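Here are the chains, one letter per residue:
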Amino acid sequence: MADYTQIKLDIADGIATLTLHRPEKMNAFTRVMMAEIIEALDVTDADDSVRAVIFTGEGDRAFCAGADLTPEGGGHVFSDPNPVEDLSDERVRDGGGRLVLRLFNSKKPLISACNGVAVGVGATMQLPMDIRLAADDARYGFVFARRGITPEAASSWFLPRLVGMQTALEWCMTGRIFSAQEALERGLVRSLHPRAELMDAARSIAREIADNTSAVSVAMTRAMLWRLSATEHPMMAHRIDSRAIYRLSRSEDAKEGIASFLEKRPPAYPDTVSGEMPDFYPWWDEPGYK
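Fair warning: this is a prediction, and the values are worked out from it, not measured in the lab.

Turning our attention to the overall build of the protein chain. Of the regular secondary structure elements, the protein chain holds 11 helices and 10 strands. Compactness check: the protein chain gives a C-alpha radius of gyration of 20 Å against a globular reference of 19 Å for 290 residues, within 12% of the reference. Here the protein chain holds 290 residues, and the buried ones make up 46% of them. In the protein chain, once contacts between residues fewer than 6 apart in sequence are set aside, the share between residues at least 24 apart is 70%. Between the centroid of the 33 positive side chains of the protein chain and the centroid of its 42 negative side chains there is a distance of 4 Å.

Laid out in structure tokens, this is it:
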């Protein structure tokens, strides 16, 4: 396991827990943290024992208080300090966007356990996660307009899909901080929990996935729902649905799924994400930045 400096990664009993670990700065986001999370996702994707990944923040104050506005050594806060002439230059790329694109491409389900303040990139990094839970005293804010910048981390793509355009526009144009209750009512989070019970609730969902589902089925389902819901016609989904059902219905996991149901016993799925994803996966061409 890598020696991380700004996150912690713990793997046990099929569940990975990734903790943002800068409690002295309310887990504020840096480029080092971005790189470490991306590296950790490479680890969880490659580890067939991992069936779900839970994200949370260290301490009692914050999930992530946004970008570190007082980075060590000073320097430019929101983007690369180097001047460029061509905006397609890789140095222009937003660090939050690099992170969420990696989260978007995860082969394992991602669960957010938001244990406190989540503003700026602390909020937007949770958008590509599949299931979002929050402590009942958590707070959120898409505060970019109050810092003189714009929404980042591809949130203009994710946020309206999750909460609708009107809510996305309101939250981003006012930049106000809002409660976990409002996040629940507007559809940003699944459920609220007392802080002391939050991680148990997240682990319960992860356990449900780990104990009862096929890893290959879940990886395919995650990719299909995130990607195909944005296509222009249901035929796009039908093509992939048909290929997936055709291939997976002949798999060892499908045999085990039927047998365990008929025999009224827990399943023991043999197929792995590293070895038995269908031959047409991925079916998309990943776009580049330029």
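The next point concerns the nonpolar core. Generally speaking, a soluble globular protein has its nonpolar side chains buried in company with each other. Of all hydrophobic cores here, the largest spans 47 residues; its most connected members are Phe-55, Tyr-140, Phe-142 and Leu-188. Per-element tally for this core: the top contributor is helix α1 (residues 31–46), with five residues.

Before going further, it helps to spend a moment on the pattern of salt bridges. Here the structure, examined in full by the defined rule, presents 20 salt bridges. For Glu-263, the salt bridge identified is with Arg-265, shortest N-O distance 2.6 Å. According to the relative accessible area criterion, Arg-265 is partly exposed, its value standing at 31%. By sharing partners, the salt bridges in this structure join Glu-170, Arg-176, Glu-182 and Arg-186 into a single network.

In this section: the packing of α1 against helix α2 (residues 95–104). Two numbers describe a pair of packed helices, the interaxial angle and the distance between the axes. As a packed pair, α1 and α2 sit with axes 10 Å apart at the nearest point and diverge in direction by 10°. Comparing the axis directions of α1 and α2 gives the class roughly parallel. Here Arg-31, Met-34, Ile-37, Ile-38, Leu-41, Asp-42 and Asp-45 of α1 lie close against α2, whose contacting residues are Gly-95, Arg-98, Leu-99, Arg-102 and Leu-103. Class assignment for the residues of the contact of α1 with α2 results in six nonpolar, one polar and five charged.

Here we take up the sheet that holds strand β5 (residues 110–114). A sheet is described by the order of its strands in space; here six strands give the open sequence β1-β2-β3-β5-β7-β10, paired in mixed fashion. Looking at strand neighbours, the two that pair on one side only are β1 (7–12) and β10 (191–193), the edges of this open sheet. Pairs of neighbouring strands in the sheet enclose a mean axial angle of 20°, with direction left out of account. With four bridges joining them, β5 and strand β7 (residues 131–135) adopt parallel strand pairing. In the sheet register, Ala-113 faces β7, and the bridge partner there is Leu-133. This element, α1, spans β1, β2 (15–20), β3 (52–57) and β5 of the sheet and lies at about 15° to β1.

With respect to the helices and strands, the residue Asp-271 is situated in the loop between α10 (252–262) and α11 (273–276). Buried within the structure, Asp-271 lacks any salt-bridge partner; Lys-255 is the closest side chain of opposite charge, at an N-O distance of 9.1 Å.

This next bit is on helix α4 (residues 155–163). At 3.6 residues per turn, the α-helix brings residues three or four places apart onto the same side. Restricting attention to buried positions, one finds in α4 the residues Ser-155, Phe-158, Leu-159, Pro-160 and Val-163. At its buried positions, α4 is contacted by α2, α3 (121–124), α5 (165–174) and α8 (215–228). Trailing α4 by a residue or two, Gly-164 shows a phi angle of about 90°, which is positive.

For the rest of this paragraph, the subject is the sheet that holds strand β8 (residues 139–141). Strand pairing within a sheet occurs via backbone hydrogen bonds; the two strands may be parallel or antiparallel. The strand order across the open sheet formed by four strands is β4-β6-β8-β9, and the pairing between neighbours is mixed. Here the strands that pair on one side only, and so sit at the sheet edges, are β4 (62–64) and β9 (177–179). Across the sheet, the mean angle from the axis of one strand to that of its neighbour is 25°, orientation sign disregarded. Here β8 runs beside β9; their pairing, made up of three bridges, is antiparallel. Bridge pairing links Gly-141 to Ile-177 in β9.

Attention now moves to a nonpolar patch on the surface. Residues Met-165, Leu-169 and Met-173 make up a contiguous nonpolar surface patch of about 330 Å² in total accessible area. Note on placement: Met-173 falls in helix α5.

What follows concerns the environment of Glu-170. By the element assignment, Glu-170 lies in helix α5. Distance from Glu-170 to Trp-283, taken between C-alpha atoms, is 36 Å for residues 113 residues apart in sequence. When residues no more than four places from it in sequence are discounted, the contact partners of Glu-170 are Gly-175, Arg-176, Glu-182 and Arg-186. A polar side-chain atom of Glu-170 sits 2.6 Å from a polar atom in the side chain of Arg-176.

Attention shifts here to the pairing of β5. Counting buried positions along β5 yields five of five residues, so the element is predominantly enclosed. Burial of β5 is two-sided: the residues Leu-110, Ser-112 and Cys-114 facing one way and the residues Ile-111 and Ala-113 facing the other way are all buried. Relative to β5, β3 runs parallel, the two being bridged by three bridges. In the strand pairing of β5, Phe-55 is matched with Ser-112.

Conventions adopted
Residues numbered from 1 in each chain as written. Predicted model: local features only at pLDDT ≥ 70, side-chain atom pairs only at ≥ 80, totals over all residues. Heavy atoms only, no water. Helix = DSSP H or I, 4+ residues; strand = E, 2+ residues; numbered from the N terminus. Rg over C-alpha atoms; globule rule 2.2 N^0.38 Å. Buried < 20%, exposed > 50% of the residue type's maximum accessible area, 1.4 Å probe, protein only. Contact = heavy atoms within 4.5 Å. Lys, Arg positive; Asp, Glu negative; His and termini not counted. Charge placed at Lys NZ, Arg CZ, Asp CG, Glu CD. Core = buried A, V, L, I, M, F, W, Y, C linked by side-chain atoms within 4.5 Å. Salt bridge = Lys/Arg side-chain N within 4 Å of Asp/Glu carboxyl O. Axes fitted to C-alpha atoms, helices over the stretch in contact; angles between N-to-C directions. Parallel < 35°, antiparallel > 145°, perpendicular 65-115°, else oblique. Nonpolar A, V, L, I, M, F, W, Y, C, P; charged D, E, K, R; others polar. Pairing = 2+ DSSP bridges. Patch = residues over 30% accessible without salt bridge, like charges linked within 9 Å, V, L, I, M, F, W, Y side chains within 5 Å. Areas by Shrake-Rupley, 256 points an atom, 1.4 Å probe, with all protein chains shown as cover. Polar contact = N/O pair within 3.5 Å; in protein donor to acceptor, adjacent residues only side chain to side chain.

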